[in-house]
Amino acid sequence: MRRLTLLMALFATTAISVSAEEQESQETNAEKATIEVPAWVNNIKFSGYGMLQYQGQDQEGAESNTFNLRLARFILDGKIGDFDWRAQIQGTNVKGPGEPTVQLVDLYAEWRKYPEFKIRAGQFKRAFTYENPTHPITQGWRAYADVINNLSGFGDRTGEKSSGGRDIGIQLSGDLFPNADGRRLFHYQVGIYNGEGINEKDKDNRKDIIGGVWVMPIKGLRIGAFGWTGSRGGMLDPLTGEVRSVEKNRYAFSAEYSQDEYMFRAEYLHSQGWGAAKAANNVREIDYSKGDKADGWYAFGIVPVIKGKLHAKARYQCYRAQKEWGTAKTSYEAGLNYFFTKNLEMHLEYARINDRSLVKHNYNMVDVELDFRF
């Protein structure tokens, strides 16, 4: 009996010793495996979205009926101290189906310690118009308004490649005069840019200066004005054979009301300065036949039919490539936006288009999109 008791005690002592050694070993390994991660890494957020499209039109000589991958974007957002930063890559059929383009669209950092004074540097949206910085899905239509595309640096009238309204530079902005509820009543923004669009160095060592202000007298309402002066360098003059710059002198007036899923917006844009032979696609030849003035406007309303689920919409827009009615392209559009979830929605739209530059002015267009976020 004594031997049995001694044997059991020996086993117990051995087990406790082994267990203690294993625990010590695990703690040592855990200490070795621990890696100190910088705080800013934990603040990185990955997101993105995709836009799938079907579009058909019966324009004489240019009939189409096609599915399209409109847009895909992958986004990294982060925060380091008082700085926010973003890097965004885009894939799109900007040159047309079968000719995809992948490019860096956003890369910037912004100091945001004070709401009254913020500084942003890098590549980002130009400080021009309300529609320019609007998210492509939130914007809610088959495309941005024609006047925004041509005069706000998307597929710009000066021929710069499609840039989604972006340029490289630095911007100051802020919100002032908070009321009793803390809602700020005045916003300002001013930026200095290369003037060449995305991923392009300055071609003439002149900078674009763009600024805007708006007031917000009641919740959801803002009324503003914008100005833009600058140039695009490296343009071929077909009359002299010289390479020179073309002027960009533009202004815009804007009004918007957005509250409780109701959104109404209207903007007018005007441009002075010669255009290129073709908008977008990085064309660098002046086309004097298009004149040196252009303008356009749009107005739309999006209202809830079933809140959080179904919205109805209507838009009227006009763009005059030479600020003459003979060059006007006018669209009358209506449709629905349906939300399966907050991250998945479908847009349906019909447009009746009158383009006076065509032999047969009128044609129809239908557009269906499935848009998702992740």
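Criteria and thresholds
- Residues numbered from 1 in each chain as written.
- Predicted model: local features only at pLDDT ≥ 70, side-chain atom pairs only at ≥ 80, totals over all residues.
- Heavy atoms only, no water.
- Helix = DSSP H or I, 4+ residues; strand = E, 2+ residues; numbered from the N terminus.
- Buried < 20%, exposed > 50% of the residue type's maximum accessible area, 1.4 Å probe, protein only.
- Contact = heavy atoms within 4.5 Å.
- Areas by Shrake-Rupley, 256 points an atom, 1.4 Å probe, with all protein chains shown as cover.
- 1 Å grid on protein atoms, 1.4 Å probe; cavity = no way out; pocket = protein on both sides within 12 Å on 5 of 7 lines; lining within 4 Å.
- Points joined across faces, edges and corners; volume = space filled by probe spheres on them.
- Nonpolar A, V, L, I, M, F, W, Y, C, P; charged D, E, K, R; others polar.
- Pairing = 2+ DSSP bridges.

**Re the overall build of the protein**
The number of helices and strands found in the protein is four helices and 16 strands. Within the protein, the proportion of its 374 residues that are buried is 43%. The long-range share in the protein, meaning contacts at least 24 apart out of those at least 6 apart in sequence, stands at 57%. If you sum the accessible surface of the protein, you get close to 19300 Å²; carbon and sulfur atoms cover 61% of it.

**Digging into the layout of surface pockets**
In this approach the atoms are scanned with a rolling probe the size of a water molecule, which exposes any empty space left behind. One number sums up the size of the second largest pocket: a volume of about 770 Å³. The set of elements that each furnish at least two residues to the lining of the second largest pocket consists of β1 (45-57), β2 (64-80), β3 (83-92), β4 (101-114), β5 (117-125), β6 (166-178), β7 (184-193) and β9 (221-236). For the lining of the second largest pocket, the residue count by class is 13 nonpolar, 10 polar and 15 charged.

**Concerning the environment of Phe 339**
Within the secondary structure, Phe 339 sits in strand β14 (residues 328-341). Look at Phe 339 and you get buried, because its relative accessible area is 17%. Sequence-distant contacts of Phe 339, that is, excluding residues within four places in its chain, are made with Gly 308, Lys 309, Leu 310, His 311, Leu 344 and Glu 345.

**Focus on the pairing of strand β8 (residues 208-215)**
Burial along β8 is one-sided: Asp 208, Ile 210, Gly 212 and Trp 214 are buried, while Ile 209, Gly 211, Val 213 and Val 215, pointing the other way, are not. Here β7 runs beside β8; their pairing, made up of eight bridges, is antiparallel. Looking across to β8, one finds that Phe 186 is bridged to Val 215. When β8 meets β9, the two strands line up antiparallel, connected through seven bridges. Bridge pairing in β9 links Ile 210 to Trp 228.

**Quick look at empty space enclosed by the protein**
By the definition in use, this model includes one cavity of 30 Å³ or more. Taken as a whole, the largest cavity encloses approximately 30 Å³ of empty space. Of all elements in the fold, only β10 (243-259) and β11 (262-272) reach the threshold of two or more residues within the lining of the largest cavity. The dominant element in the lining of the largest cavity, judged by the number of residues it contributes, is β10, at three residues. Here the residues of the lining of the largest cavity are counted per class, giving one nonpolar, four polar and four charged.

Don't take any of this as a statement about function, it's just geometry.
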